[in-house]
Amino acid sequence: MPSIKEKAEAWLIQNRKTLRLYRDSTIYFPLVGFADDPKMYISLSNQELEIGYIKDIWYSPCSPEPTKYKKHVMHMTDHLSVEDQTEQILGLLLKTIQSRKRQYRSCQYCGKKVNPEHRYDKDTCHGCATYHHGVKY
């Protein structure tokens, strides 16, 4: 079974053509098999590469809005291509993945790994907070 690094590297190699050919492009890397399959992203615009993850922001009490959360910025130089900088990009992507994974906690009641946007407190997901504590969302 391939490691996260191997999956990320294969994905990056497969998608770097998109980054090179289409300015103002964004590519997404879902962490399939981890919790709710959180998405990482890489965006390229104006010679700047942005690496981050998708985070839910609760602008209203009804439903969250998936929003890009920038974690790293890398300035692309004219003399180095996306291909030449693949190792640097991969390193920043792996740091972003680890950072996002560390934010997840297991719910004390149901045991599911939950991101901070969907927890009532550090140990309880929204669903279990409603069931066990009577919290209404």
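Described in the following lines is the structure provided in the data block. Note that this is a predicted model, so its numbers are computed, not measured. (Residues numbered from 1 in each chain as written. Predicted model: local features only at pLDDT ≥ 70, side-chain atom pairs only at ≥ 80, totals over all residues. Heavy atoms only, no water.)

### Some thoughts on the overall build of the protein
Broken down by element type, the protein carries three helices and eight strands. Secondary structure elements of the protein occur, N-terminal to C-terminal, as α-β-β-β-β-α-β-β-β-β-α. Put simply, of all contacts in the protein between residues at least 6 apart along the chain, 40% involve residues at least 24 apart. Total accessible area on the protein is roughly 8400 Å²; 51% of this is exposed by carbon and sulfur atoms. (Helix = DSSP H or I, 4+ residues; strand = E, 2+ residues; numbered from the N terminus. Contact = heavy atoms within 4.5 Å. Areas by Shrake-Rupley, 256 points an atom, 1.4 Å probe, with all protein chains shown as cover.)

### With respect to the nonpolar core
Within the largest apolar cluster, 23 residues are counted, with the highest numbers of intra-cluster contacts made by Ile42, Leu49, Leu93 and Ile97. Of all the secondary-structure elements, those providing two or more residues to this core are α1 (4–21), β1 (25–30), β2 (39–45), β3 (48–57) and α2 (86–103). A per-element tally of this core places α2 first, with six residues. Setting aside residues no more than four positions away along its own chain, Ile42 makes contact with Trp11, Leu12, Leu19, Ser25, Thr26, Ile27, Leu49, Glu50, Ile51, Ile89 and Leu93. (Core = buried A, V, L, I, M, F, W, Y, C linked by side-chain atoms within 4.5 Å. Buried < 20%, exposed > 50% of the residue type's maximum accessible area, 1.4 Å probe, protein only.)

### Considerations on α2
With 18 residues, α2 extends 26 Å from end C-alpha to end C-alpha; this agrees with the ideal 26 Å at 1.5 Å per step. Every buried residue of α2 is accounted for by Thr86, Ile89, Leu90, Leu92, Leu93, Leu94, Thr96, Ile97, Ser99 and Arg100. (Expected span 1.5 Å × (residues − 1).)

### Quick notes on the environment of Lys70
As for its position among the elements, Lys70 is in strand β4 (residues 65–75). Distance in space between the C-alpha atoms of Lys70 and Trp11 is 19 Å, their sequence separation being 59 residues. Sequence-distant contacts of Lys70, defined by excluding residues within four places in its chain, comprise Tyr41, Glu50, Ile51 and Gly52.

Spatial relationships are all this shows, so hold off on functional conclusions.
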